[in-house]
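# Summary of structural features
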Amino acid sequence: MAAPILIRLIVLEARRGGLPWLAAAALLAALALAGFLSEVALAESRMLQAAVMAALLRACAVFLVAAQVVSSIAREIADKGLEAMLALPLPRPTHYLGRLAGFALLGSALAVAFALPLLLVAPPAAVAAWCVSLACETVLVAAAALFFAMTLAQVVPAIAATGGLYLLARSMAGIQAIAGGAVEPSFAHTLARQAIDLIALVLPRLDAATRSEWLLYGAPPAGELGAAIGALALYALLLTAAGLVDFQRRAA
Amino acid sequence: MTGEQRPLDAVPAWLWTLLGAALAAQIAWQAERHAAAPRAAALPPPPSLQALRLASFGEREATARLSMLYLQGFEAQELDYARLVDWLGVVLELDPRSMYPLFAAARVYAEVADPARSRAALEFVYREFLRDPNRRWPALAHAALLAKHRLKDLPLALRYAAAIDRYTTEPGVPLWARQMQIFVLEDMNELDAARIVIGGLLQSGRLTDPAEAAFLKQRLDELESRLHR
């Protein structure tokens, strides 16, 4: 019964901290920007609206979740709330997973709220696929932010680490394309390319998830969506496991 | 956000003055700056496709369309067309399913007074059409009309019209598009031909975007008033 209480506390804190207002502001900003840009577009104005709104709302969802997780955990650590909680007769995984479930719920709620306006410019099946993918992406970001917040215990380093991981994962396909593009590869170039390929092995394929092209050109086949979501789930599991290992070793 | 605050008169007068003066200075400074329209010469060479992909962080569709809005900010009449065509090519490669670069090339950049620039834009449309004929034929259909009526180059118009017939294979491509050679050869004025093409696009369901429809209607009106002058 402890996990639902932790989830409720996380949701309550987010509500009191103004997260719904920030989400509403992000929605308004995305709608206004898309509306303005579509007025100056000569063609594909609806596609432009869908692409810009999707890109902006995806970034906002990820940032809001990461900032919420990091600030919440950092505050708990700073005012010794976490220490007090750890003194309770509860298994440590319950503490960690309960919090993660609360943040995952917040991320999923944001994904649903941010997907709704996209119904104005994209078909429902495509929006549904985008929404499910964004929900999974925010769960992954919550897991990463929780891991870094617990490990680093400071707001700025934890947000920087989460943002760095996220941006690197989003751009890794582009980096690999650049690395593989040399006409006459030298030894140093080959070494660099292999190093990049190695780094890519330990990063999630975020470029394959929550794609705007689904909204523009139609929902992805079930296999493609399943693979994207499966990759996100697997990486969220990896981060959760790493976080649990670190949390188990934490001195109370 | 909900913490209690002291009353406003707790703030000393000099601080209010400083705040007001700083705000006034900021507004005055910004009012002096006039947003200059980008000059044609200022269009830089396009970034490489890989660089643009990297900068897009995976949002290639949004980046491609925002790049087109950026290009639109430059005056078409004075652009360096070699550079412009490079830009259009990169944007199209970033999102090959977008019709925006081809639409702009055929409907905006090819409709300039300078025949050499117009030809450069039309050739871009033709080149890119060959890569995906079933999707890109509407731009080439318009290019055929421009070649005939603006450039008065019948062989070029026929080459474009014949390419639509030869390379499109999908049953969804309407008959009038495949038979463009006929009304390129017919003694039809530009307005009537444009009406057929735009009407045909509307009927085929390919023209659904409100901005695109409004733009084409405006072009038809301009054409009509020019021919009636």
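Please read these numbers as outputs of a predicted model, since none were measured by experiment.

Conventions we followed
Residues numbered from 1 in each chain as written. Chains lettered and ligands numbered in written order. Predicted model: local features only at pLDDT ≥ 70, side-chain atom pairs only at ≥ 80, totals over all residues. Helix = DSSP H or I, 4+ residues; strand = E, 2+ residues; numbered from the N terminus. Rg over C-alpha atoms; globule rule 2.2 N^0.38 Å. Buried ≥ 20, exposed ≤ 12 C-beta atoms within 10 Å, placed from the backbone. Contact = placed C-beta atoms within 7 Å. Axes fitted to C-alpha atoms, helices over the stretch in contact; angles between N-to-C directions. Parallel < 35°, antiparallel > 145°, perpendicular 65-115°, else oblique. Left-handed = near helix turned anticlockwise from the far one by under 90°. Nonpolar A, V, L, I, M, F, W, Y, C, P; charged D, E, K, R; others polar. Core = buried A, V, L, I, M, F, W, Y, C linked by C-beta atoms within 7 Å. Expected span 1.5 Å × (residues − 1). pLDDT = per-residue confidence, 0-100.

## Structural notes on the overall build of chain A
- Check the secondary structure of chain A and you find ten helices and zero strands.
- Here chain A has a C-alpha radius of gyration of 20 Å; the compact-globule value for 252 residues is 18 Å, and the two agree.
- Counting only C-alpha atoms and orienting by the principal axes, one finds that chain A spans roughly 60 × 50 × 35 Å.
- The proportion of buried residues among the 252 residues of chain A is 44%.
- Long-range pairs, those at least 24 residues apart, make up 80% of the contacts in chain A between residues at least 6 apart in sequence.

## A look at the packing of helix H7 (residues 155-179) of chain A against helix H2 (residues 49-56) of chain B
- H2(B) packs onto H7(A) with a crossing angle of 160° between their chain directions and a minimal axis gap of 8 Å. Considering their axes alone, H7(A) and H2(B) lie roughly antiparallel with respect to each other. Relative to H2(B), H7(A) is oriented so that their crossing is left-handed. Where H7(A) approaches H2(B), its residues A:Ser171, A:Gly174, A:Ile175, A:Ala177 and A:Ile178 are matched on the opposing element by B:Gln50, B:Arg53 and B:Leu54.
- Here the residues of the contact of H7(A) with H2(B) are counted per class, giving four nonpolar, three polar and one charged.

## Notes on the interface of chain A and chain B
- Of the residues lining the interface, 29 residues belong to chain A; the matching set on chain B comes to 24 residues.
- Elements that contribute at least two residues to the side of chain A that touches chain B include exactly helix H2 (19-40), helix H3 (45-78), H7 and helix H9 (212-217) of chain A.
- Its residues assigned to classes, the side of chain A that touches chain B comprises 17 nonpolar, seven polar and five charged.

## Focus on the nonpolar core
- Counting residues in each nonpolar core, the largest one holds 130 residues, and the members touching the most others are A:Val65, A:Ala145, B:Val125 and B:Ala143.
- Of all the elements, helix H6 (residues 124-152) of chain A adds the most residues to this core, at 20 residues.
- In this structure, A:Ala145 is in contact with A:Val65, A:Ala66, A:Val69, A:Val70, A:Ala158 and A:Thr162, ignoring residues within four places of it in sequence.

## Brief notes about helix H3 (residues 60-72) of chain B
- An ideal rise of 1.5 Å per residue puts 18 Å on 13 residues; H3(B) measures up with 18 Å between its terminal C-alpha atoms.
- Here H3(B) has its buried residues at B:Arg60, B:Glu61, B:Ala62, B:Thr63, B:Ala64, B:Arg65, B:Ser67, B:Met68 and B:Leu71.
- If you follow the buried residues of H3(B), they end up packed against H3 and H9 of chain A together with H2, helix H4 (81-94) and helix H5 (100-107) of chain B.

## Some remarks on unusual backbone geometry
Residue and element names in this part refer to chain A.
- Positive phi, normally seen in glycine, also occurs at Lys80, with a value near 65°.
- Assignment of secondary structure puts Lys80 in the loop between H3 and helix H4 (81-86).
- For Lys80, a count of 9 C-beta atoms within 10 Å gives the class exposed.
- The phi torsion at Ala153 lies on the positive side, around 60°, for a residue other than glycine.

## Some words on the confidence of the model for chain A
- Put simply, chain A has an average pLDDT of 92, and 98% of its residues get 70 or more.
- Per-element averaging of pLDDT across chain A places H4(A) at the bottom with 84 and H6(A) at the top with 96.

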